[in-house]
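# Results of the structural survey
Read off the chains here:
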Amino acid sequence: MPSVIWLQTGACSGDTMSILCAERPSLQSLVDFYAVEFLWQPSLTDKPVSELVNMIDAITNDKLALDVLCIEGSIITAPNNTGMYDTFRGQAKMVLVEKLAEKANYTVAMGTCAAFGGVHASGCNPSDCIGLQYDKNQPGGLFAPSWRSKSGFPVINVAGCPAHPNTMTQTLAMLASGQHIELDHLNRPKAFFQTMVHQGCTRNEYHEYNIEAQELGDNACMYLNMGCQGPVTEAICNQDLWNNRNSKTRAGVPCFGCTSPDFPKEHDLFATEKIGQIPRHLPTGVDRSAYMAYKNLAKNAAPKRVKDKKMEP
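Quantities reported herein were computed from a predicted structural model and do not represent experimental measurements.

Calculation criteria
Residues numbered from 1 in each chain as written. Predicted model: local features only at pLDDT ≥ 70, side-chain atom pairs only at ≥ 80, totals over all residues. Heavy atoms only, no water. Patch = residues over 30% accessible without salt bridge, like charges linked within 9 Å, V, L, I, M, F, W, Y side chains within 5 Å. Areas by Shrake-Rupley, 256 points an atom, 1.4 Å probe, with all protein chains shown as cover. Salt bridge = Lys/Arg side-chain N within 4 Å of Asp/Glu carboxyl O. Helix = DSSP H or I, 4+ residues; strand = E, 2+ residues; numbered from the N terminus. Buried < 20%, exposed > 50% of the residue type's maximum accessible area, 1.4 Å probe, protein only. Axes fitted to C-alpha atoms, helices over the stretch in contact; angles between N-to-C directions. Parallel < 35°, antiparallel > 145°, perpendicular 65-115°, else oblique. Left-handed = near helix turned anticlockwise from the far one by under 90°. Contact = heavy atoms within 4.5 Å. Nonpolar A, V, L, I, M, F, W, Y, C, P; charged D, E, K, R; others polar. Pairing = 2+ DSSP bridges. Phe/Tyr/Trp six-rings, centres within 6.5 Å; stacked < 30°, edge-to-face > 60°.

Together, Met17, Leu20 and Leu44 give the surface a local cluster of nonpolar side chains, amounting to about 270 Å² of exposed area. Position of Met17 relative to the elements: it lies in helix H1 (residues 14–19).

Have a look at this one:
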């Protein structure tokens, strides 16, 4: 029976709230069909904290096996790299994470904060937050780039703010059933991070014809003016809909690129950075000169229904 301990470090509990909504598989299916045993999950475990203390002691003394260590939240290293701004029973959580990660077969960063530092590592970062094995887009967070778990894997980064519920449960199901997980260049499970949020977006035709939204609520593409990161962000939000119903762009909100290591951007999330009239960050794989030429032609060729923004958003 694969055992899991889920710990929260510098977290808002968003990933826990997200995984409760998982459907394919659900948390119950993880337990019933994949035989996953949650030794500890802060919001689901009904045991007293003293039981967690006993578990940690047993694991670190090789009396209890730990298959998967899930970390939710950024690693707080302040002050002065002691981690004492975030403690558990008088011990810095960053030290506790190091001890448990050495014993676990796999360590999984649940969410962008645990993977890259996330929201807490943005701006002036007063708590000196980092990710488990990345500091934003630079390899090396709490663990060195060369660090590997007992199974030979680096930290598996299930990125997102919060992470997609089905991505979290499917990753755990793959680990529980012994399936090989291929990772991308940021150590994210490639199965869930190899297509763009743009793919499957219901506003794609507006994008192709360069019909762009000017304000929130406008039935058009939000890439050029409203800061949408969909064409440069790897995630499944428009292919595996949240709660099987919706996504940010379908609801009229730009993608903020929350699965990326530099999330959140150090500028207005609802505005597109530009060089002249062209976005600073073009869709992945697109040449700047070709983009400029294509967009001018595309707008002139747009059908009336697209120009009139009569499509369903």
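Attention now goes to the pattern of salt bridges. By the definition in use, this model includes twelve salt bridges. Of the charged contacts in the structure, one is a salt bridge between Arg305 and Glu205, with a shortest N-O distance of 2.8 Å. Of this pair, Arg305 sits in helix H9 (residues 304–307) while Glu205 sits in helix H7 (residues 204–208); the two residues are 100 residues apart in sequence, bridging distant segments of the chain. For Arg305, a relative accessible area of 42% gives the class partly exposed. By relative accessible area, Glu205 is classed as partly exposed at 26%. Taking the shortest distance from any N to any O, the salt bridge between Asp218 and Lys309 comes out at 2.9 Å. With a gap of 91 residues between them, Asp218 in the loop between H7 and strand S12 (274–275) and Lys309 in the segment after H9 connect regions that are remote in the sequence.

Moving on, we come to the packing of helix H3 (residues 49–60) against helix H4 (residues 93–103). At a closest axis distance of 9 Å, the pairing of H3 and H4 adopts a crossing angle of 50°. Here H3 is positioned oblique relative to H4, judged by the angle of their axes. Judged by the twist between their axes, the crossing of H3 over H4 is left-handed. Across the interface between the two elements, Ile56, Ile59 and Thr60 from H3 touch Leu96, Lys99, Leu100 and Lys103 from H4. Grouping the constituent residues of the contact of H3 with H4 by class yields four nonpolar, one polar and two charged.

Pairing within the open sheet is parallel, and its five strands lie in the order S2-S1-S3-S7-S11. Of all strands in the sheet, those bounded by a partner on one side alone are strand S2 (37–40) and strand S11 (156–158). For this sheet, the mean inter-axis angle between neighbouring strands, taken without regard to orientation, is 25°. Where strand S1 (residues 3–8) lies against strand S3 (residues 68–72), five bridges are found, and the strand directions are parallel. Bridge pairing in S3 links Gln8 to Glu72. The sheet strands contacting H4 are S1, S3 and strand S7 (106–110), and the helix crosses S3 at an angle near 155°.

To continue, consider unusual backbone geometry. In this structure, the amide linkage connecting Cys161 to the following residue, Pro162, adopts the cis form with an omega of 0°. Looking at the secondary structure, you find Pro162 in the loop between S11 and helix H6 (165–176). Here Phe263 and Pro264 are connected by a cis peptide whose omega angle stands at -5°. Structurally, the position occupied by Pro264 is in the loop between H7 and S12. For Asp128, which is not a glycine, the phi torsion comes out positive at approximately 50°.

In this section: the packing of aromatic side chains. If you walk through the whole model with that rule in mind, you get four aromatic pairs. Judged by centre distance (5.5 Å) and plane angle (75°), the ring pair of Phe116 and Tyr134 falls under edge-to-face. Residue Phe116 is located in helix H5 (residues 112–116), and its partner Tyr134 is located in strand S9 (residues 134–135); the two are separated by 18 residues in the primary sequence. Grouping residues by exposure puts Phe116 and Tyr134 together as buried. With centroids separated by 5.3 Å and ring planes inclined at 85°, the aromatic side chains of Phe256 and Phe270 adopt a geometry described as edge-to-face. Taken together, the residues span a long stretch of sequence, with Phe256 in the loop between H7 and S12 and Phe270 in the loop between H7 and S12 at a distance of 14 residues. According to the relative accessible area criterion, Phe270 is partly exposed, its value standing at 36%.

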